[in-house]
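# Fold and contact review
Chain residues, written in single-letter form:
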Amino acid sequence: MRRLFVTRPGDEGLPGPQRRLAMLVMVLGTLMSVLDNGIVNIALPTLAQELAVSESRAVWITNVYQLVCAALLLGFAALSRLIGRRRLYLGGLALFVLASLCCALSRSFEWLVVSRMLQGIGAAAMLSIGPSMYRLIFPSRLLGSAIGMGALVVAFGIAFGPSLGGIILHFASWPWLFAINLPLGLLALILGIRALPSETIESRGFDWLGALLSAAMLSGFVFSLDHIGHGARGISAWLPLVLSVLCLGLFVWRQRRADAPLVPLPMFRATRFSIAAMISLMAFVAQGITFVGLPFMFQTVMGATPIEAALLFTPWPLALMLVGPLSGRLADRFNPTLISSLGLAIFLLGMLSLVTLTAESGGVSIAWRAVLCGVGYGLFQAPNNREMIGSVTLAYSANASGVLASVRTFGQALGTASVGLMLALSWGSLSYALWLGCASVVVALALSVWRIPLARAEA
């Protein structure tokens, strides 16, 4: 950890002491965004009861956050090139804190949904450029380690979000689920104003039509998959997906002709970037399947209580937390495609071992399988993110960060919807979903191994 804040001659980015403060700002912003989802998910039954709405309506307290966030990721990444990443990140952070206050003060379902929509806008502004901010803060020799720390923060939020939500609800009322963001957010704002780096702003226009098409494309995709995953049928489920595909075609057409495209298509001519993006998509599909499928398996097949299911799942993110920073350091010293390929191979072994679980499997049997998955994913994620962000020019890094966030959203939504669809259609047991996750990792691993010579040649 200390090496991240040591300045050497010729280092780009910020001086060591300022890096420390800037890193703390990034950690707090990411932690709030990730924790917020887990905290709210665990509280949905309580929110439904206290706001006097059905559980199916209460789900929109979560869904609207994800939809808005997905819709704005690419647009905000492009906007950062016009107004600067520092301004966009601080603006998103300020809006997230203000929206958290509105959530805490909400006394009706409708007001809470609107407040969560504002939270989603703020989170999208931060998440869209989060990884690219590390290129402004840290020198290239430490980029993998810094991104590894970001992965650790995400894992921590995933692991302890539901538990923290349960503790808050045990000792306090539901508004405190959102009020907890206020002191953390204000601290991050104060430090961010002081520590986050400025950059030269490009004098160029903004592709508003591309932004609208991007929002329609991403939100329609996530909305449709969510509805299909919850058993919706007919035009209400499939029309948004059809419109999403149509908007995708129009979006690509627009990007080829726009003077200031939202997503510069030449960026995808960097083969390493394009392959890393595809690998990330396939890995997040597998992660989405397991993160949703395993809790169902633990509770419906093995008869575990919700608390027991959470404990059984915890070894995965804990292992990721331990391995994530190590994989980042390894990616700074060695070919990151080698490290990520090794991680995917271990992840695949873990996924295959999960398929063999039975109703009689004990806690130890489940734990080592979860640890195997966590170690593999931890070794994969930071090096692949480094490969994706580091393989494009600095001018494209903000756009690459937006693509990374969008790929994560797509992959997790697709994985989640796959489990929901199988459950809704009663397609056998949950092992079918896990097999689908294994197939997704096989594709990712094959692509990762294929790119190793390419990364060596360009090193």
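Residues numbered from 1 in each chain as written. Predicted model: local features only at pLDDT ≥ 70, side-chain atom pairs only at ≥ 80, totals over all residues. Heavy atoms only, no water.

## Here's the deal with the overall build of the protein
How we decide: The helix count covers DSSP runs of H or I at least four residues long, the strand count covers runs of E at least two residues long, and both are numbered beginning at the N terminus. Each radius of gyration reported is based on C-alpha atoms, and the globular scaling rule is 2.2 Å times the count of residues to the power 0.38. Working definition: with a 1.4 Å probe on protein chains only, accessible area under 20% of the residue-type maximum means buried, over 50% means exposed, and in between means partly exposed. Charge convention: Lys and Arg are scored as positive, Asp and Glu as negative, and His as well as the terminal groups of each chain are ignored. A single reference atom marks each charge: NZ on Lys, CZ on Arg, CG on Asp, CD on Glu.
Along the backbone of the protein there are 17 helices and zero strands. For 459 residues, the compact-globule formula gives about 23 Å, and the C-alpha radius of gyration of the protein, at 21 Å, lands near that figure. When the backbone C-alpha atoms are referred to their principal axes, the protein occupies close to 60 × 50 × 45 Å. Looking at the protein residue by residue over its 459 residues, the buried ones come to 57%. Within the protein, the 16 negative side-chain charges are centred at a point lying 9 Å from the centre of the 29 positive side-chain charges.

## Side note on the nonpolar core
Considering soluble globular proteins, one finds that nonpolar side chains tend to be buried as a cluster. Rule in force here: By convention a nonpolar core is built from buried Ala, Val, Leu, Ile, Met, Phe, Trp, Tyr and Cys residues, the set being connected through side-chain atoms within 4.5 Å. Any two residues whose heavy atoms approach within 4.5 Å at even a single point are treated as in contact.
Core analysis: the largest hydrophobic core is formed by 63 residues, its most contacted members being Leu 74, Tyr 134, Phe 138, Leu 196 and Val 403. Among the elements that make up this core, the one with the highest residue count is helix H5 (residues 109-137) (nine residues). If we skip the residues at most four places from it in the chain, Phe 138 touches Leu 4, Phe 5, Glu 12, Arg 19, Met 23 and Ala 146. Grouped together as the second largest cluster of nonpolar side chains are 39 residues, Met 282, Phe 284, Leu 354 and Phe 380 included.

## Notes on the packing of aromatic side chains
Selection criterion: What counts as a ring pair is set by centres within 6.5 Å for rings of Phe, Tyr and Trp (its six-membered ring), and what kind of pair is set by the plane angle: stacked under 30 degrees, edge-to-face over 60, tilted for all other angles.
Counting across every chain of the model gives eight aromatic pairs. Relative to Tyr 377, the ring of Phe 284 has its centre 6.2 Å away and its plane inclined at 70°; by these criteria the two rings are edge-to-face. Taken together, the residues Phe 284 in helix H11 (residues 271-301) and Tyr 377 in helix H15 (residues 363-390) connect sequence positions 93 residues apart. Here the two residues Phe 284 and Tyr 377 agree in accessibility, since each one is buried. Pairing Tyr 377 with Phe 380 gives two aromatic rings, centres 5.5 Å apart and planes at 70°, and the pair type is edge-to-face. Within this pair, Tyr 377 and its partner Phe 380 are both found in helix H15, separated by three residues, close to a single helical turn. Grouping residues by exposure puts Tyr 377 and Phe 380 together as buried.

## Things to note about a nonpolar patch on the surface
What counts is decided by this rule: Put simply, a patch holds well-exposed residues, over 30% relative accessible area, that have no salt bridge, with like charges counted together within 9 Å and Val, Leu, Ile, Met, Phe, Trp or Tyr side chains within 5 Å. Only the protein chains shown count as cover for residues, and the accessible areas themselves come from Shrake-Rupley with a 1.4 Å probe. We count a salt bridge whenever a side-chain nitrogen from Lys or Arg sits within 4 Å of a carboxyl oxygen from Asp or Glu.
Side chains of Ile 235, Leu 239, Val 242, Leu 243, Leu 246 and Leu 250 sit close together on the surface and give an oily, nonpolar patch of about 560 Å² of accessible area. Secondary-structure assignment places Leu 239 in helix H10 (residues 235-257).

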